Amino acid sequence: MKVTISVIKADVGGLVGHHVVPEELEETAWAILEEAKDELLFDFDVSHVGDDLILIMTHDKGEDSEEIHGLAWNVFQEAAEVAKEMGLYGAGQDLLKNAFSGNIRGMGPGVAEMTIEERPSEPIIVFGADKTEAGAWNLPLYRMFADPFNTAGLIIDPHLHMGFRFEVWDLIDHKKVIMSTSEEMYDLLALIGSPGRFAIKRVFPKPGHLINENEPVAVASTERLYEEAGRYVGKDDPVMVVRAQHGLPAVGEVMEPFAFPHLVEGWMRGSHWGPLMPVSVRDAKPTRFDGPPRVIALGYQLKNGMLIGPEDMFDDPSFDRARQIANEIADYMRRHGPFEPHRVSFHDLEYTTMPAVLDKLKDRFEPL
Ligand code: F6R
Ligand code: MG
Ligand code: MG
């Protein structure tokens, strides 16, 4: 059976600044999606990470469906209305346009969609991150699908041993390239090691895999909010869907990269590098210096389009140490205050106050 999984997220208002999505917004989303079930959707779930509301929908309308995107837009608009009534902070923040015109891409929300032929048993993990950007998935995706020090299956299981194909997007020049591992590992790393510029959009199996080579096995949102808005609104706060097991990384191999809280761009005012801390949904509430950046993982078994779950995958003491390390890194990075490399590069601050500071001083600068 063919199923499309659409994960669409937006920040439509936070309880106490950019802290967390309150229950009222999730309830609003739930009520609207419940009505759309049977008619439009096979199934759905609603969750959040920090101030980002996440809609997880399954259906047979395909990717970029006007009906599904319109439904998500409607949910976000209604939730933004509730946020406004409650006086929540940044109500409607990510909804950049007034009228929906057929596709939610480019309108503010983040989108990760894949259409698959559902396997007899289809484990999927939905990830959501707050206070960071799309490229934050580069390191974990590489480790899941290309690094044998993370994924034992790349050595042991013949279907993983074949390697995978990575669709990489150039987020500045708006073009894409497909690269094959293990042959092109070093070239791939040359690109994705710059996560502010290049982001992995999808991962595909190779011909001869148990899964058709044209079906994604992972997909990430790559929207760049400041580019869509033309100014800094908030960070992209990306989502991602990863399929697991039976010729793909095992669930534990999908989770393993997050045992290392790697540094990502975002955090306070979207302008600071900090560790990505894996947390349970309960703890997905960035507080310290509006962070540190968080990631949640929701595990489902997909059956006949129905979502069985979620399992709160980081609600596990085996990630306590990653959280502790993330706190130590947070202390270390914070002590740099406004200095790089805690603060993002000069170039990356061009969208903020930096031009104004330079402009103010322009007449006082003297040639050397
Ligand atoms: C980061 C984020 C926050 C805000 C910060 C200032 O993605 O959303 O760190 O940038 O709280 O917010 P404003 O400018 O709305 O007061
Ligand atoms: Mg916000
Ligand atoms: Mg957010």
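Let me begin by describing the structure that accompanies this report. (Residues numbered from 1 in each chain as written. Chains lettered and ligands numbered in written order. Predicted model: local features only at pLDDT ≥ 70, side-chain atom pairs only at ≥ 80, totals over all residues. Heavy atoms only, no water.)

## Some details on the site of ligand 1
Logical step 1: In the vicinity of ligand 1, the residues found are H18, Y89, K131, Y232, K235, W267, M268, R269, G270 and D290.
Logical step 2: In this structure, an oxygen atom belonging to ligand 1 sits 2.7 Å away from a side-chain N or O atom of Y89.
Logical step 3: About the coverage of ligand 1: the protein hides 74% of its 410 Å² of free accessible area.
Logical step 4: Taken together, the residues of the shell around ligand 1 sort by class into four nonpolar, two polar and four charged. (Near = heavy atom within 4 Å. Polar contact = N/O pair within 3.5 Å; in protein donor to acceptor, adjacent residues only side chain to side chain. Areas by Shrake-Rupley, 256 points an atom, 1.4 Å probe, with all protein chains shown as cover. Nonpolar A, V, L, I, M, F, W, Y, C, P; charged D, E, K, R; others polar.)

## A short note on the coordination of the magnesium ion (ligand 2)
Logical step 1: Each protein donor to the magnesium ion (ligand 2) is listed here as D11 (OD), H18 (ND1) and D51 (OD); together their distances run 1.9 to 2.2 Å.
Logical step 2: Mapped onto the sequence, the donors of the magnesium ion (ligand 2) take the spacing D-x6-H-x32-D.
Logical step 3: Between the two metals, the magnesium ion (ligand 2) and the magnesium ion (ligand 3), the spacing is 4.8 Å, and D51 donates to both. Of this pair, H18 sits in the loop between β1 (2-10) and α1 (23-36) while D51 is found in the loop between β2 (43-49) and β3 (52-59), placing the two residues 33 residues apart along the sequence.
Logical step 4: By relative accessible area, D51 is classed as buried at 2%. (Donors = N, O, S within 2.8 Å, 3.2 Å for Na, K, Ca; no water. Helix = DSSP H or I, 4+ residues; strand = E, 2+ residues; numbered from the N terminus. Buried < 20%, exposed > 50% of the residue type's maximum accessible area, 1.4 Å probe, protein only.)

## Some points on unusual backbone geometry
Logical step 1: Following T181, the chain continues into S182 via a peptide bond in cis, with omega recorded as 10°.
Logical step 2: Mapping S182 onto the fold places it in the loop between β7 (175-180) and α6 (185-192).
Logical step 3: In this structure, P310 follows G309 across a cis peptide bond, with omega equal to 10°.
Logical step 4: Relative to the elements of secondary structure, P310 occurs in strand β15 (residues 306-312).
Logical step 5: Although it is not a glycine, H174 sits at a positive phi angle of roughly 55°.
Logical step 6: As for its position among the elements, H174 is in the loop between β6 (164-170) and β7.
Logical step 7: Although it is not a glycine, R269 sits at a positive phi angle of roughly 55°.
Logical step 8: Note on placement: R269 falls in the loop between β11 (263-266) and β12 (272-275).

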